[in-house]
Amino acid sequence: MDREQGTNLDEAALRAAICAAGRRLGARGLISAGEGNLSLRLSEGRLLTTPTGRHKDELDPDDLPIVPLDPASGPPASGPRPSSDMGIHRAIYLARPDVVAVAHAHLPVAMALSLAGEIPDPAALPETAHFLPVLPFVAFGAMGSEELAARIAAALTPAEPPLPGVVLLERHGAVAVGTAGLDSSDTAALEAALTQAMDRLELVDVLCRVWRDAVLVRAACEQETAREAL
């Protein structure tokens, strides 16, 4: 069924939007193999998401499963098996009623920086300072674990504003959300939320690339200065 009964959501359009987002992740080098996952909040406590073990930049609309927001009380999933990271998506949606889109990618440079103990400051660049003034860092946790999902959801729901739009994960990339006070019963609003989440991932990737380059340039300059002082 293309259009959800009792809502203005066009499921076919939303499936196409998730597939396009997967291709965007691949085109920008933000995912490899079966990495990454995307989801949108539908009506009646359901989530449209990406399947596990598949290249997210090669998906067709029919490849996307629908899963319940609450697996204990909702209907069984339809379609292929979803990612083991669905626990992260569910925890975020339950903690943030304003969130209607979630995007997770294993950003290579972000993972490299966390391995080196470098946590980039969003205030370093005007774009991230403006759009992502808060960038929480979540320490490493087992993939697919409830413990990691809970800590990510907590990082996105701080006691003091502003609410973060993305979190950095140690050795695991980043998770971004799409909100902007959108009407979750409107297809265009959900598509815009997914775009917002994708934009946030890309802004974090740019921040991490610049931070990495700055670290390398600074180290080279310090090395040159030390040589000149000999």
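Up top is the structure these notes are about.
**Q** Just to check I follow, could you spell out the overall build of the protein chain for this structure?
**A** Within the protein chain, the regular secondary structure consists of 6 helices and 7 strands. Tracing the protein chain from N to C terminus, the helices and strands come up as α-β-β-β-α-β-α-α-β-α-β-β-α. Whereas a compact globule of 230 residues would reach a radius of gyration of roughly 17 Å, the protein chain reaches 19 Å, a difference of no more than 12%. A principal-axis box enclosing the C-alpha atoms of the protein chain has dimensions of 75 × 40 × 30 Å. Buried positions account for 46% of the 230 residues belonging to the protein chain. If you take every contact in the protein chain between residues at least 6 apart in sequence, the share linking residues at least 24 apart comes to 62%. About 10,800 Å² of surface is accessible on the protein chain, with carbon and sulfur atoms providing 56% of the total.

**Q** What am I meant to see in the environment of S84 here?
**A** Mapped onto the elements, S84 comes out in the loop between β3 (66-68) and α2 (86-95). You can call S84 partly exposed: its relative accessible area is 48%. In this structure the C-alpha to C-alpha distance between S84 and P51, which are 33 residues apart in sequence, comes to 9.3 Å.

**Q** Please clarify how the nonpolar core should be interpreted in this entry.
**A** Inside soluble globular proteins, nonpolar side chains tend to come together where they are buried. The biggest cluster of nonpolar side chains holds 41 residues, and the ones touching the most others in it are L25, L38, L194 and V204. Secondary-structure elements contributing two or more residues to this core are α1 (11-27), β1 (37-41), β4 (101-105), α3 (108-115), β6 (166-169), β7 (173-178) and α6 (187-228). It is α6 that contributes the most residues to this core, 10 residues altogether. Discounting chain neighbours no more than four positions away, the residues touching L194 are A17, I18, A21, L38, L40 and A101. Counting residues in each nonpolar core, the second largest holds 21 residues, with V67, L69, A155 and V167 among its members.

**Q** Can you walk me through the pattern of salt bridges in this structure?
**A** A side chain with one charge may pair with a side chain of the opposite charge, provided their charged atoms come close. Counting across every chain of the model gives 9 salt bridges. Put simply, D205 and R209 hold a salt bridge, and the shortest N to O gap is 2.8 Å. Placement of both D205 and R209 in helix α6 is noted, with a separation of 4 residues, approximately one turn of the helix. For D213, the salt bridge is made with R212, and the minimal N-O distance between the two is 3.1 Å.

**Q** Hey, could you run me through the pairing of β1 in this one?
**A** The side chains of a regular strand alternate, residue by residue, between the two faces of the sheet. For β1, the tally of buried residues reaches 5 of 5 residues, placing the bulk of the element in the interior. Where burial is concerned, the two faces of β1 agree: the one with N37, S39 and R41 and the one with L38 and L40 are both buried. The pairing of β1 with strand β2 (residues 46-49) spans 3 bridges and is antiparallel. Bridge pairing links S39 to T49 in β2. The antiparallel hairpin formed by β1 and β2 contains 4 residues in its connecting segment, where E44 sits at a positive phi of about 55°.

**Q** Before we go on, may I ask you to explain unusual backbone geometry in this structure?
**A** Comment: phi is negative for the bulk of residues other than glycine, and the bulk of peptide bonds are trans. Residue P161 is joined to P162 through a cis peptide bond whose omega torsion reads 5°. A positive phi angle is found at R171, which is not glycine, with a value near 60°. Relative to the elements of secondary structure, R171 occurs in the loop between β6 and β7.

**Q** How should I be thinking about the packing of α1 against α6 in this particular structure?
**A** Orientation of α1 relative to α6, taken along the N-to-C sense of each, is 10°, at an axis distance of 10 Å. Of the possible angle classes, the one that applies to α1 and α6 is roughly parallel. Seen along the crossing, α1 lies across α6 with a hand that is right-handed. Residue-level contacts link A13, L14, A17, I18, A21, R24 and L25 of α1 to T187, L190, E191, L194, T195, M198, D199, L201 and E202 of α6. Residue composition of the contact of α1 with α6, grouped by class: 10 nonpolar, 2 polar and 4 charged.

Thresholds applied
Residues numbered from 1 in each chain as written. Predicted model: local features only at pLDDT ≥ 70, side-chain atom pairs only at ≥ 80, totals over all residues. Heavy atoms only, no water. Helix = DSSP H or I, 4+ residues; strand = E, 2+ residues; numbered from the N terminus. Rg over C-alpha atoms; globule rule 2.2 N^0.38 Å. Buried < 20%, exposed > 50% of the residue type's maximum accessible area, 1.4 Å probe, protein only. Contact = heavy atoms within 4.5 Å. Areas by Shrake-Rupley, 256 points an atom, 1.4 Å probe, with all protein chains shown as cover. Core = buried A, V, L, I, M, F, W, Y, C linked by side-chain atoms within 4.5 Å. Salt bridge = Lys/Arg side-chain N within 4 Å of Asp/Glu carboxyl O. Pairing = 2+ DSSP bridges. Axes fitted to C-alpha atoms, helices over the stretch in contact; angles between N-to-C directions. Parallel < 35°, antiparallel > 145°, perpendicular 65-115°, else oblique. Left-handed = near helix turned anticlockwise from the far one by under 90°. Nonpolar A, V, L, I, M, F, W, Y, C, P; charged D, E, K, R; others polar.

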